[in-house]
Amino acid sequence: MKSYLAVLLGTFSVLLIAMWVIFLMFFGKMASGEYAIAKAHADFIAKCDLGDIDILGDSTANAAFIPSQIGPQVRNLSFGAGTPIELYYVAKSILKCPNRPKAVILAFVPSSFATNSFYPELGRTFFWERAIEYNVVSFSDSLEVLKYSRQFNDTLIAGPKSLFDIDYRVKAFLFCLKFPPYLLPEVQKSALPKLQALAAAQLRRIPGLGPKHVTAPGQKQAEQASLPGPLPTGPMMYNQTILDNGHHFYGTDSNGGDRLDHDAYRNDDHTAPLKDFYMRRTIAMLSANGIKVFLVEPPRDRSSAVHYTPALINGYQAYLAGLQSSTPYVHLISQGFPIWDPVLFGDNLHLNLRGSLNFSAGIREALVAAGLVDPGYSESLTPANLYAHASSDPNSWVMQASGTDEISQAADVVLPQLAFPPDAEAWLYSTKSQGANAAPAPSGVRAPPVKLVAKMNYAASILVKNVNADQASLQLVWPGGFEGKVSWSFERHQITYAGMATSLNSGVTICPGGWVELFLSGRSGPSTGSYSGPAVSLTDPQNASAYLYNLSLEPGLWPTNYCPLQPGEAKTVNIAG
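What counts and how
Residues numbered from 1 in each chain as written. Predicted model: local features only at pLDDT ≥ 70, side-chain atom pairs only at ≥ 80, totals over all residues. Heavy atoms only, no water. Axes fitted to C-alpha atoms, helices over the stretch in contact; angles between N-to-C directions. Helix = DSSP H or I, 4+ residues; strand = E, 2+ residues; numbered from the N terminus. Parallel < 35°, antiparallel > 145°, perpendicular 65-115°, else oblique. Left-handed = near helix turned anticlockwise from the far one by under 90°. Contact = heavy atoms within 4.5 Å. Nonpolar A, V, L, I, M, F, W, Y, C, P; charged D, E, K, R; others polar. Pairing = 2+ DSSP bridges. Core = buried A, V, L, I, M, F, W, Y, C linked by side-chain atoms within 4.5 Å. Buried < 20%, exposed > 50% of the residue type's maximum accessible area, 1.4 Å probe, protein only. Salt bridge = Lys/Arg side-chain N within 4 Å of Asp/Glu carboxyl O. Expected span 1.5 Å × (residues − 1). Disulfide = S-S within 2.5 Å. Patch = residues over 30% accessible without salt bridge, like charges linked within 9 Å, V, L, I, M, F, W, Y side chains within 5 Å. Areas by Shrake-Rupley, 256 points an atom, 1.4 Å probe, with all protein chains shown as cover. Lys, Arg positive; Asp, Glu negative; His and termini not counted. Polar contact = N/O pair within 3.5 Å; in protein donor to acceptor, adjacent residues only side chain to side chain.

*Asks:* Explain the packing of helix 6 (residues 139-151) against helix 7 (residues 166-176) residue by residue, including any values.
*Replies:* The interhelical angle for the contact between helix 6 and helix 7, taken along N-to-C directions, is 150 degrees, at an axis separation of 9 Å. Looking at the two axes, helix 6 sits roughly antiparallel to helix 7. Handedness of the crossing formed by helix 6 with helix 7: right-handed. Residues Phe139, Ser142, Leu143, Val145 and Leu146 of helix 6 form the contact with helix 7, whose participating residues are Tyr168, Arg169, Ala172, Phe173 and Cys176. Across the contact of helix 6 with helix 7, the residue classes tally to eight nonpolar, one polar and one charged.

See the structure below:
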């Protein structure tokens, strides 16, 4: 009997150790995208690649601040669902480097300071399953969090007090070692949905298992093209975050307002003493090392902000104003509580491309005024559009379906306002139906070939104003490199991806006057030379037409020309007198 139990225990131990080793080896690939972002930020700090200005905050800050649009040496090290507790330890790690930043920007939404009564399970889960599991907070740091949690009678993270708090200490130790049972929730919410989505997509392509209602010629092709592109993976998100100096978009659509954010459900303006302690501790630590601290209020989606109580807005601004007065090293960059239009958000919390470009431009101006960014840097941001001249000539475009498409200059349309006005005209692009049974989108118009550098990131974009099309698409086909398409349904206000296009590298932004910008970002193939230009197509059961403007292809991750904020799209709410 004893030998049987020994064998059973030995077998169990071997299996557990084997599982543990597998989890440690492949955790980076199995974990969610949040881990990939945190790992990229940790590598910036480990290499002391900190630049002159670092940004610390929650995920709203990670999306809102685009480093390359703010200054030449800016890093965004914000942490998804982060609070002042976790970011104190990030700041502490930064100070271990010999080349410390000149300034640090701290940016949190009001809910990041909320007390235990607000979403307690959410706050507790994020600390354990992100901060400790991702090694943002070490084991020794977690014991310090326990110490101060008890000092401030805060049970959100530490839970009720027990004998020597042994349960907390063991849990923190096992989380830091990535004990498999603690990692299963991370794998379940990340790896399994990806496998299920990919399996479902493949099943839909198998004859007999796919859609049964395909009747008209071309319909099957159109439906398959609307399948989602490959889901973003951990390595893909890691590389993207590194290339973007720590920045990450959480949504590239223009669908803010689809649901309310966390603060819309709050009915108090109370700040948790533990979080206040860590916020002031971070400011004091940075100030003691001669580092300037800037406090920034990230913009909030108007759909949620209309539900904020006046006490929450006033209390939040008063709290930041109090922090500013605590030391001469602290500066508040604000003209009031920023409330922006939903079209500037990729989801209910995070700014999209257009929102972030506008926000980052405002931060750059403030840092120029503070003497931290050279005034001439703004001039260097002029888009290096490879089609700056060729795109003004519609005759240079190549029709994909001869005899069915027409493109001509359109002098009667009101052009959208852009931050960098191009020397180009708008065109009217029309595609004629070939009959009731014709494919919905057999045609397209392609820009002339362009010479690209091998294995380099390029961003393509174009502004479209609908006349009578159901859908517009932008596509890149670079053999050996990026091949994908992003589409926008004017009727359903819905975005779809195909090929290598995903929400990580493609999207849409809405501009005033009915204009929509479609954009794609990808790498060229393995050789330097001539590549096919971006292609635009329209879909409609009948004749389709739309205006096209400012075709752009530029080196980098994102198109850098954008529609500036217009009156009514952004406003500020000041502290009540």
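From this point, things continue past the structure.
*Asks:* A description of the sheet that holds strand 5 (residues 300-301) should follow, citing residues and the corresponding values.
*Replies:* The three strands are arranged 5-7-22 in an open sheet whose pairing can be described as mixed. Where the open sheet ends on each side, the last strands, each with one partner, are strand 5 and strand 22 (570-573). Across four bridges, strand 7 (residues 337-340) lies against strand 22 in antiparallel orientation. Bridged to tryptophan 340 within strand 22 is alanine 570.

*Asks:* Residue-level account of the nonpolar core, with values.
*Replies:* Counting 59 residues, the largest nonpolar core has Leu56, Leu106, Phe127, Tyr168, Met279 and Leu295 as its most contacted members. For this core, the element with the most residues is helix 4 (residues 84-94), which contributes seven residues. Setting aside anything within four residues of it in sequence, one finds phenylalanine 127 in contact with Ile85, Glu86, Ile132, Val137, Val145, Ile157 and Tyr168. Ile407, Trp488, Leu518 and Val536 belong to the second-largest nonpolar core, a separate cluster that totals 38 residues.

*Asks:* Which residues make up the pairing of strand 21 (residues 544-555), and what values go with them?
*Replies:* Taken across its 12 residues, strand 21 has 11 buried, putting it largely inside the fold. Relative to strand 21, strand 10 (residues 427-431) runs antiparallel, the two being bridged by five bridges. What sits directly across from threonine 431, in strand 21, is alanine 544. Pairing of strand 13 (residues 457-466) with strand 21 involves eight bridges; the strand directions are antiparallel. Across the sheet, alanine 460 pairs through a bridge with leucine 553, a residue of strand 21.

*Asks:* Break down the pattern of salt bridges for me, with residues and values.
*Replies:* As enumerated under the stated definition, the model contains 11 salt bridges in all. Between arginine 300 and aspartate 261 there is a salt bridge whose closest N-O contact spans 3.5 Å. Residue arginine 300 is located in strand 5, and its partner aspartate 261 is located in the loop between helix 10 (234-243) and helix 11 (273-288); the two are separated by 39 residues in the primary sequence. Residue classification places aspartate 261 among the buried positions, given a relative accessible area of 1%.

*Asks:* Can you break down helix 13 (residues 310-324) residue by residue, with the values?
*Replies:* Look at helix 13: 21 Å from first C-alpha to last across 15 residues, which is about the 21 Å you get at 1.5 Å a residue. Every buried residue of helix 13 is accounted for by Leu312, Ile313, Gly315, Tyr316, Gln317, Tyr319, Leu320 and Leu323. Those residues of helix 13 that are buried lie in contact with helix 11, strand 4 (292-296), strand 6 (330-333), strand 7 and strand 22.

*Asks:* How would you explain helix 7 if you had to name every residue and give the values?
*Replies:* Within helix 7, burial applies to Tyr168, Ala172, Leu174, Phe175 and Cys176. Residue lysine 178 follows helix 7 closely and has a positive phi angle near 55 degrees.

*Asks:* Give me the state of the cysteines: which residues, what numbers.
*Replies:* Applying the stated criterion across every chain, the model contains two disulfides. Here cysteine 48 is linked by a disulfide to cysteine 97, with a sulfur-sulfur distance of 2.2 Å. Disulfide cysteine 48 to cysteine 97: torsion about the S-S bond roughly -85 degrees, handedness left-handed. Of this pair, cysteine 48 sits in the loop between helix 2 (33-46) and strand 1 (53-57) while cysteine 97 is found in the loop between helix 4 and strand 3 (103-107), placing the two residues 49 residues apart along the sequence. On the accessibility criterion, cysteine 97 (4% relative accessible area) is buried. Covalently, cysteine 511 is tied to cysteine 563 through a disulfide, its sulfur atoms 2.1 Å apart. A torsion of 100 degrees about the S-S bond marks the disulfide between cysteine 511 and cysteine 563 as right-handed. A residue pair is termed long-range when its members are at least 10 positions apart, and cysteine 511 in the loop between strand 17 (506-510) and strand 18 (515-523) and cysteine 563 in the loop between strand 21 and strand 22 qualify at 52 residues. Each member of the pair cysteine 511 and cysteine 563 is classed as buried.

*Asks:* Please give an account of the sheet that holds strand 3 that cites residues and values.
*Replies:* Read from one edge to the other, the open sheet built from five strands follows the order 2-1-3-4-6, with strand pairing classed as parallel. Two strands bound the open sheet, and with one partner strand each, they are strand 2 (74-76) and strand 6. Ignoring strand direction, the axes of neighbouring strands in this sheet form an average angle of 20 degrees. As judged from the five bridges shared by strand 3 and strand 4, these two strands associate in the parallel manner. Of the residues in strand 4, the one forming a bridge with alanine 107 is valine 296. Helix-sheet contacts for helix 11 involve strand 3, strand 4 and strand 6, and the interaxial angle to strand 4 is about 145 degrees.

*Asks:* Which residues make up a nonpolar patch on the surface, and what values go with them?
*Replies:* Taken together, Leu163, Phe164, Ile166 and Val170 make up a surface patch of nonpolar side chains, about 460 Å² in accessible area. The topology assignment puts isoleucine 166 in helix 7.

*Asks:* Please give an account of the side chain of aspartate 301 that cites residues and values.
*Replies:* By the element assignment, aspartate 301 lies in strand 5. The side chain of aspartate 301 is buried and forms no salt bridge, while arginine 302, the nearest opposite charge, is found at 6.5 Å. Polar contacts involving the side chain of aspartate 301 include one to the main-chain amide nitrogen of serine 303, which spans 2.9 Å.

Everything listed is a geometric property; what it means functionally is a separate question.
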